[in-house]
Amino acid sequence: MLPQRHTEPDLFVCDILDATPKSDRASMEHPLFSLSVKKDMAAFEYQQGNVKVKITPAAQEGRANVFDRDILIYVLSQLMAAQNEGQKIGRRVQISAHDLLKATNRHTTGQAYATLRRALTRLQFTQIETNIHDHGLGEWRSISFITDARIVKEDSTGRLLSVELEMGDWLVKAIENKNVLTLNKAYFQLRKPLERRIYELARKHCGTQDVWRIGLDKLQHKTGSTSTPKEFKRLVKAICKADEAQSHMPDYRFRLVHDILEVTPKSEFRDIYADGGHSGTMDAVRLSTSAYERARVAAPGWDVHYLEQAWRNWMADGVLDAPGDPDKAFLGFCAKWFEKRGRP
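Residues numbered from 1 in each chain as written. Predicted model: local features only at pLDDT ≥ 70, side-chain atom pairs only at ≥ 80, totals over all residues. Heavy atoms only, no water.

Student: Could you give an account of the layout of surface pockets, with specific residues and numbers?
Tutor: Size it by volume and the largest pocket reaches roughly 710 Å³. Considering the residues around the largest pocket, the lining is formed by 33 residues, among which Asn184, Lys185, Ala186, Gln189 and Gln309 are closest to the centre. For the lining of the largest pocket, the secondary structure elements donating two or more residues are α2 (69–84), α3 (97–103), α9 (267–273) and α11 (304–314). Of the residues that constitute the lining of the largest pocket, the class distribution is 15 nonpolar, 10 polar and 8 charged. By volume, the second largest pocket is sized at about 540 Å³. Surrounding the second largest pocket, 24 residues form its lining, Phe67, Asp70, Arg106, Thr115 and Arg196 being those nearest its centre. With 4 residues, helix α4 (residues 110–125) is the single largest residue contributor to the lining of the second largest pocket. Taken together, the residues of the lining of the second largest pocket break down into 5 nonpolar, 8 polar and 11 charged. (1 Å grid on protein atoms, 1.4 Å probe; cavity = no way out; pocket = protein on both sides within 12 Å on 5 of 7 lines; lining within 4 Å. Points joined across faces, edges and corners; volume = space filled by probe spheres on them. Helix = DSSP H or I, 4+ residues; strand = E, 2+ residues; numbered from the N terminus. Nonpolar A, V, L, I, M, F, W, Y, C, P; charged D, E, K, R; others polar.)

Shown next as structure tokens:
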């Protein structure tokens, strides 16, 4: 018999439903995604210091946008959680379309699946030419967000049930090298593309420092906005005004002082990281269903899922060992949290 010459590559199946959202640092730092909610067919060029980026949109669907990025965040989160569990990860992954839509706070209607299909096309065929390479600068090269996408299963109504993707190697290397940052799950609730982009920049540049300031001219450049300077200022001012009234932006407060955006961490976000937590979280640790119920009693009035994220970030990779009894450790954290802060 002839040897089997063609075999399926190692496949990672995304099934860790509570994985904490992660994003690679490169696409948080540089505007690789369009802010337009309409089809964006314009080529885009960007330069910041020695970093150069040229983006060519997909021929049919246009340039990948910030909402398409949700797919990458979901997959990167899954890969990071799997790596933390000691599983072998690779470029080829299989996702449940339904799980993806739920995790990224989207509808699960037929229209949502059609939107997902178009997003996959944009992610695959948007072409990026850049000298960004892993941890720093390297040779000029052409990359994609995903290099292959195929529908494994589809029902009679045309809804995607299962999708197989091949991720760009630079994204997988970001996970392997832990060159990622944790995002607040509320990121998926932000409606405006510019809100999402400003949050990403704050998460990347402000971190836990007392304040981060950036001029509107530089901010517009880093967001990749193609608005006029006057219109951009109006949009940022509206976001800051809404945040001041509703405090809807995750983790940070945003205020516009003349032509300077001022970003400060919210007290609860600072508390999460006060004991040495950072971007890595203990995704491998699992809590029982009863732990959530008891947590509501230990910290009445607090959102237990918010507390879970705070606890996981506090128990960050390399800071504290994984607890032998996760439920007990989490409940102790909740009790101390409530003892210190009381009701929200």
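Student: Got a sec to walk through the packing of helix α6 (residues 193–205) against helix α7 (residues 216–223)? Specific residues and values, please.
Tutor: Close contact between α6 and α7 brings their axes to 10 Å; oriented N to C, the two are set at 105 degrees. Classed by the angle they form, the pair α6 and α7 counts as roughly perpendicular. Residues Leu194, Arg197, Ile198, Leu201 and His205 of α6 lie in contact with α7, whose contacting residues are Leu219, Lys222 and Thr223. (Axes fitted to C-alpha atoms, helices over the stretch in contact; angles between N-to-C directions. Parallel < 35°, antiparallel > 145°, perpendicular 65-115°, else oblique. Contact = heavy atoms within 4.5 Å.)

Student: An account of α7 is requested, with residue identities and associated values reported.
Tutor: Three- or four-residue spacings in an α-helix give side chains the same orientation, since the helix completes a turn every 3.6 residues. Among all positions in α7, only Leu216, Leu219, Gln220, Lys222 and Thr223 are buried. The buried residues of α7 occupy one face: seen down the axis, they fall within an arc of 165 degrees. (Buried < 20%, exposed > 50% of the residue type's maximum accessible area, 1.4 Å probe, protein only. Arc of directions from axis to C-beta.)

Student: Describe helix α12 (residues 326–341), and please don't skip the residues or the numbers.
Tutor: Taking 1.5 Å per residue, 16 residues should reach 22 Å; α12 reaches 22 Å between its end C-alpha atoms and fits that length. Those residues of α12 that sit buried are Pro326, Asp327, Phe330, Leu331, Phe333, Cys334 and Trp337. When α12 is viewed along its axis, its buried side chains cluster within an angular range of 155 degrees and face the same direction. Counted as exposed and oriented over 90 degrees from the buried face of α12: Lys328, Lys336, Glu339 and Lys340. Phi turns positive one or two residues past the end of α12, at Gly342, with a value near 70 degrees. (Expected span 1.5 Å × (residues − 1).)

Student: Tell me about unusual backbone geometry, and please be specific about residues and values.
Tutor: Although it is not a glycine, Asn105 adopts a positive phi angle of roughly 65 degrees. Among the structural elements, Asn105 can be located in the loop between α3 and α4. The phi dihedral of Lys178 is positive, around 55 degrees, even though this residue is not glycine. Residue placement: Lys178 occurs in the loop between α5 (169–176) and β10 (180–182).

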